[in-house]
Amino acid sequence: MIQCWRLDDRRQTLVLGSHRDHLAEVIYWGPRLPDDEDLNTLFTVHAIDVTGGMLDLNPELSVSPEATRTFPGQPGLIVRARDGTQLLTKFCLVKANEERGKLSLVYTDENNGLTYTARFAINTRTHVIEAQASLEADQPVHLHWMSAPVIPAPQLSDEMIDFAGRWCGEFQLNRTAWSPGMRFRENRTGRTGHEHFPGLIIPCRGATNTQGHAYAFHYGWSGGHKMIAEELPDGRRQIQFGHAERMEVAPQTRFQTAPLYITFSDDGLNGCAVAFQRHLRDEIVHMPDVARPRPVHFNCWEAVYFDHNLPTLKEIASRAAALGAERFVLDDGWFGRRDDDTRALSDWEVDPRKYPDGLNPLIDHVHGLGMTFGLWFEPEMINPDSDIHRAHPDWALGGEDQILGRNQKALNMALAEVQDFLFDRIASVLRDHAIEYIKWDHNRVLPMPDADQTRGSYALMDRLRAEFPHVEIESCASGGGRIDFGILKRTHRIWLSDSNDALERLKMQHNAALFLPAAVTGSHVGPRKCHTSGRILDMSFRAWVAAQRHMGIEMDPRELTDDEAGTLETVIGWWKENRGWMMDADILRLESPDPAVVAEQQLAADHARFVVFAGKAATSSQIAPRPLRLTRLDPQARYRVTLINRDSAGSLSRGTQTLKSESVDLSGTYLMNHGLTLPWSFPETMWVIEGLRR
Ligand code: GLA
């Protein structure tokens with residue numbers, strides 16, 4: 001007997017089908033099918049042919065392809081009995097539960113005492129489908145590998161896009177051509193990692209940012225993932241995502257993958273990006289107070305590093321407030337004897353040498369300036385040179401002779417006493433002070449991947465969130481080393497990168513927008529001479545790049561000239577006026593005809609306004625700027641278009657373009673098909689264009 005199930009939203013349909021109670025296969029995923037499409041017929045016509053040199057039937061590319069069915073590629077599940085014997089599974093359907101937009105398929109393998117469940121849930125508002133697998137066993141078993149429900153990849157696609165990165169260089173795109181065999185990416189560092197963001201985009205042939213079909217995937221887990229994108233000898237393609245292999249170190253009776261978030265777009269990569277941005281912002285992140293505008297940050301790290309001195313910090317806070325900051329974050333250096341990064345992690349008590357009267361004098365000063373107060377922690381870490389390590393050397397994860405990372409070890413988060421200790425210390429700091437924000441860091445990789453570690457971190461965060469629901473958390477890990485939907489279920493902002501270099505940020509933010517909305521993406525105005533690149537950038541460029549996301553400042557404001565302070569104040573003022581709609585806007589990556597220009601359009605939820613940021617990342621090969629096409633406007637509507645920073649046109653821009661002197665009214669059709677011709681500009685500058693629907 002054939003059984004089929006479908007999940008729909010306005011733009012996509014996912015159909016699963018199974019024969020004789022075998023594990024179901026995704027037999028269709030793409031544009032929405034007619035309501036009366038006969039799914040059983042789809043199932044029968046979806047089978048590929050058999051010819052010489054093949055088995056007599058093609059093994060199913062199911063939600064968990066099984067080696068016992070002679071599947072010619074990577075299996076979806078590898079599990080062993082306690083004694084190490086491999087359990088060769090043969091699952092049989094026992095139950096299918098379908099309710100509006102949700103489907104769960106339950107299978108058992110009686111011989112091996114295993115139950116496998118695949119769950120799907122479609123969000124009709126955001127267009128994101130969550131897919132998750134779980135395994136239950138009668139006896140404890142060893143899990144080597146379990147993929148979230150396996151999804152076939154499109155055939156009319158020549159390449160896949162995934163993400164690499166490094167410290168100060170997050171979200172670098174890799175494009176890899178499809179070919180027989182597999183692309184295997186695995187992050188065994190024990191955190192989400194700079195190196196392998198758990199995301200994948202598969203554009204169909206001809207797809208761009210703004211048009212064509214594209215499929216996208218994100219695995220919402222902070223412990224390190226594995227991805228397989230495989231083309232089988234018969235031409236079929238499969239995508240698998242799960243925890244990194246062998247992360248479940250102990251035999252257990254229950255395992256679960258993280259949710260795999262997937263979406264199909266019929267309007268280019270932006271369709272995927274907007275789905276993820278909205279899903280993350282509206283369904284994953286839980287802001288303590290949704291109505292409260294995102295506050296402008298000031299973070300003191302690049303201003304003072306470990307050199308905390310109360311009068312200096314007060315002066316810096318006063319200057320930050322005068323520039324428009326609304327939240328002051330005291331970074332590393334306030335606790336233990338933390339004078340540099342060699343010591344004191346875990347000694348979470350205020351350093352009386354630096355703060356003889358505790359933190360309250362600083363907090364009161366910050367409050368007096370109308371700002372709120374945030375504090376840095378790095379809970380999962382411990383320096384060997386710390387009181388806590390001296391008292392509890394057994395709390396550290398990994399061997400005595402392990403290589404340290406930034407002079408530190410990780411704590412064993414699976415230990416209840418470690419979790420209790422961290423909860424008590426952090427809770428007591430939060431109880432004793434008016435703190436409404438934690439910057440939660442994680443600056444080293446783990447000595448080995450272990451899912452218990454990630455679950456331990458999640459449990460600690462959940463406990464703190466429950467006790468202090470008004471406290472927001474920022475996820476930082478040497479910048480963007482822990483960015484994923486799993487951590488963002490319990491946090492509210494990510495520190496995209498330790499690079500405050502606006503030029504690097506411009507590109508990083510552009511790529512990260514494939515997954516991340518502005519409301520959670522921290523972006524700070526750094527020092528004139530960037531501390532991580534040595535580059536000297538103009539204040540206007542630094543400020544506008546930060547204004548593209550959740551804006552902040554991270555530098556010593558005492559270095560500012562009057563001119564720089566004026567520019568920064570103006571841009572912060574602009575950001576505050578616009579954040580109400582920008583933090584809910586869709587970030588649309590524009591197709592730039594000039595590779596030197598990195599451009600995006602933020603379109604308000606009601607489509608009544610937009611802002612375009614066109615950043616010049618290099619000198620152009622041609623002499624005059626090429627027109628920049630906008631996207632997703634109403635072709636019939638007219639828009640009042642204003643180049644809001646036209647005063648910054650340099651003397652080498654000698655023409656008399658109208659945009660340089662006044663606003664213009666243009667139709668959506670013109671803007672989307674011809675595009676805006678902007679004035680000539682230096683590299684490392686940004687044009688900012690506002691549009692208002694008339
Ligand atoms: C990490 C973070 C920085 C800063 C330092 C403090 O590197 O990414 O932003 O907080 O730690 O030690």
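Residues numbered from 1 in each chain as written. Predicted model: local features only at pLDDT ≥ 70, side-chain atom pairs only at ≥ 80, totals over all residues. Heavy atoms only, no water.

**Re the site of the ligand**
Stage number 1. In the vicinity of the ligand, 13 residues are found, and the nearest of them are Asp331, Asp332, Arg406, Lys439 and Asp498.
Stage number 2. Between the ligand and Arg406 there is a distance of 2.8 Å, counted from an oxygen atom to a side-chain nitrogen or oxygen.
Stage number 3. Between an oxygen atom of the ligand and a side-chain N or O atom of Asp498, the distance comes to 2.5 Å.
Stage number 4. Within the complex, the protein chains bury 96% of what would otherwise be the 310 Å² of accessible surface of the ligand. (Near = heavy atom within 4 Å. Polar contact = N/O pair within 3.5 Å; in protein donor to acceptor, adjacent residues only side chain to side chain. Areas by Shrake-Rupley, 256 points an atom, 1.4 Å probe, with all protein chains shown as cover.)

**Some words on the packing of aromatic side chains**
Stage number 1. Tallied over the entire structure, the rule returns 32 aromatic pairs.
Stage number 2. An angle of 85° between the planes, with centres 6.1 Å apart, marks the rings of Phe276 and Phe485 as edge-to-face. Of this pair, Phe276 sits in helix α2 (residues 268-284) while Phe485 is found in the loop between β25 (472-475) and β26 (493-495), placing the two residues 209 residues apart along the sequence. Accessibility classification places Phe276 together with Phe485 in one group, the buried group.
Stage number 3. Arranged with centres 5.7 Å apart and planes meeting at 75°, the rings of Trp680 and Phe682 form a pair that is edge-to-face.
Stage number 4. Since its relative accessible area comes to 28%, Trp680 is described here as partly exposed.
Stage number 5. Take Phe682: its relative accessible area is 48%, and that puts it in the partly exposed class.
Stage number 6. Counting every residue linked through ring pairs, the aromatic cluster contains Phe163, Phe171, Phe197, Tyr261, Phe276, Phe485 and Phe515.
Stage number 7. Sitting above the plane of the Trp495 ring, Arg505 keeps its charged end 4.5 Å from the centroid.
Stage number 8. The aromatic ring of Trp680 is capped on one face by Lys616, whose charged end is 5.3 Å from the ring centroid. (Phe/Tyr/Trp six-rings, centres within 6.5 Å; stacked < 30°, edge-to-face > 60°. Helix = DSSP H or I, 4+ residues; strand = E, 2+ residues; numbered from the N terminus. Buried < 20%, exposed > 50% of the residue type's maximum accessible area, 1.4 Å probe, protein only. Lys NZ or Arg CZ within 6 Å of the ring centre and 35° of its normal.)

**Regarding the domain arrangement of the chain**
Stage number 1. When cut into domains, the chain gives domain 1 (2-284), domain 2 (297-579) and domain 3 (590-693).
Stage number 2. The interface of domain 2 with domain 3 comprises 14 residues on the first partner and 17 residues on the second.
Stage number 3. In total, about 1,300 Å² of surface goes out of reach between domain 2 and domain 3, with carbon and sulfur atoms giving 65% of it.
Stage number 4. A salt bridge links Arg549 to Glu600; its shortest N-O distance comes to 2.8 Å. (Domains from an automatic or database assignment. Contact = heavy atoms within 4.5 Å. Buried area = accessible area lost by both parts, 1.4 Å probe. Salt bridge = Lys/Arg side-chain N within 4 Å of Asp/Glu carboxyl O.)

**Quick notes on the pattern of salt bridges**
Stage number 1. Under the criterion given, the structure shown has 52 salt bridges.
Stage number 2. The salt bridge partner of Glu245 is Arg246, with a shortest N-O separation of 3.0 Å.
Stage number 3. By relative accessible area, which is 42% here, Arg246 ends up partly exposed.
Stage number 4. Here the salt bridges do not stand alone but share partners, grouping Arg125, Arg281, Asp282, Glu283 and Asp584 into one network.

**Focus: the packing of helix α10 (residues 539-546) against helix α11 (residues 562-582)**
Stage number 1. Where α10 meets α11, the axes come as close as 9 Å, and the angle between the chain directions of the two elements is 20°. Classified by the angle their axes make, α10 and α11 are roughly parallel. Here α10 and α11 pass one another in a crossing that is right-handed. On α11, the residues touching Met539, Ser540, Arg542, Ala543 and Trp544 of α10 are Glu564, Thr567, Leu568, Val571 and Trp574.
Stage number 2. A breakdown of the residues in the contact of α10 with α11 according to their chemical character gives 6 nonpolar, 2 polar and 2 charged. (Axes fitted to C-alpha atoms, helices over the stretch in contact; angles between N-to-C directions. Parallel < 35°, antiparallel > 145°, perpendicular 65-115°, else oblique. Left-handed = near helix turned anticlockwise from the far one by under 90°. Nonpolar A, V, L, I, M, F, W, Y, C, P; charged D, E, K, R; others polar.)

**Comments concerning the sheet that holds strand β24 (residues 437-440)**
Stage number 1. The strand order β19-β20-β21-β24-β25-β26-β27-β28 describes a closed barrel built from 8 strands, whose pairing is parallel. Direction aside, the axes of adjacent strands within the sheet are offset by 30° on average.
Stage number 2. As defined by bridge partners, strand β27 (residues 521-525) adjoins strand β28 (residues 550-553) across 4 bridges and the pair is classed as parallel. Across the sheet, the residue bridging to Gly522 is His550, located in β28.
Stage number 3. Across the sheet, helix α4 (residues 310-323) lies against β19 (297-299), β20 (327-330) and β28, angled at about 150° from β20, the strand it touches most. (Pairing = 2+ DSSP bridges.)

**Examining the pairing of β25**
Stage number 1. Across the two faces of β25 the burial is the same, with Glu472 and Glu474 and Ile473 and Ser475 all buried.
Stage number 2. Inspection of the sheet shows β24 paired to β25 by 4 bridges, in the parallel sense. Opposite Ile438, over in β25, you have Ile473 as the bridge partner.
Stage number 3. For the segment spanning β24, helix α8 (residues 451-467) and β25, crossover handedness is right-handed. (Right-handed = clockwise from strand over helix to strand, strands pointing away.)

**Let's talk about the environment of Leu588**
Stage number 1. On the secondary structure map, Leu588 appears in strand β29 (residues 586-589).
Stage number 2. Take Leu588: its relative accessible area is 0%, and that puts it in the buried class.
Stage number 3. In sequence terms Leu588 and Gln657 are 69 residues apart; their C-alpha atoms lie 26 Å from each other.

**A short note on the nonpolar core**
Stage number 1. Counting residues in each nonpolar core, the largest one holds 179 residues, and the members touching the most others are Phe217, Phe328, Leu330 and Trp334.
Stage number 2. Core analysis: the second largest hydrophobic core is formed by 25 residues, Leu590, Ala614, Leu671 and Trp687 among them. (Core = buried A, V, L, I, M, F, W, Y, C linked by side-chain atoms within 4.5 Å.)

**Overview of the side chain of Asp332**
Stage number 1. Looking at the element boundaries, Asp332 is found in the loop between β20 and α5 (360-368).
Stage number 2. A distance of 2.8 Å separates a polar atom in the side chain of Asp332 from a polar atom in the side chain of Arg338.
Stage number 3. When neighbours within four sequence positions are excluded, Asp332 is seen to be in contact with Trp301, Tyr305, Phe306, His308, Arg338, Trp376 and Arg406.

**Some details on the state of the cysteines**
Stage number 1. This structure, assessed with the given rule, holds 0 disulfides.
Stage number 2. Distance from the sulfur of Cys476, which forms no disulfide, to the nearest cysteine sulfur (Cys168) is 11 Å.
Stage number 3. Here Cys476 falls in the buried class, since its relative accessible area comes to 1%. (Disulfide = S-S within 2.5 Å.)

**Concerning the packing of helix α9 (residues 502-512) against α10**
Stage number 1. Their axes nearest at 9 Å, the elements α9 and α10 cross at an angle of 25°. Compared by their axis directions, α9 and α10 come out roughly parallel. When the axes of α9 and α10 are compared, the crossing they make is left-handed. Facing Ala502, Leu503, Arg505, Leu506 and Gln509 of α9, the residues of α10 in contact are Phe541, Arg542 and Val545.
Stage number 2. A breakdown of the residues in the contact of α9 with α10 according to their chemical character gives 5 nonpolar, 1 polar and 2 charged.

**Some thoughts on the side chain of Asp594**
Stage number 1. Inspection of the secondary structure puts Asp594 in the loop between β29 and β30 (597-603).
Stage number 2. Look at Asp594: it is buried, it has no salt bridge, and the nearest opposite charge is Arg626 at 5.5 Å.
Stage number 3. A polar side-chain atom of Asp594 sits 2.8 Å from the main-chain amide nitrogen of Ala596.
Stage number 4. A polar atom in the side chain of Asp594 sits 2.6 Å from the side chain of Ser620.
Stage number 5. For Asp594, the contacting residues outside a window of four places in its chain are Ser620, Gln622 and Arg626. (Lys, Arg positive; Asp, Glu negative; His and termini not counted.)

**Examining the pairing of strand β7 (residues 114-123)**
Stage number 1. Counted residue by residue, β7 has 7 buried out of 10 residues, so it is predominantly covered.
Stage number 2. With 8 bridges joining them, strand β6 (residues 102-109) and β7 adopt antiparallel strand pairing. Of the residues in β7, the one forming a bridge with Tyr107 is Tyr116.
Stage number 3. In this structure, the hairpin formed by β6 and β7 is closed by a connection of 4 residues, where Gly113 is found at a positive phi of approximately 65°.
Stage number 4. Bridge count for β7 against strand β8 (residues 128-146) is 10 bridges, and the pairing is antiparallel. Residue pairing for β8: Ala121 is matched across the bridge by Glu130.

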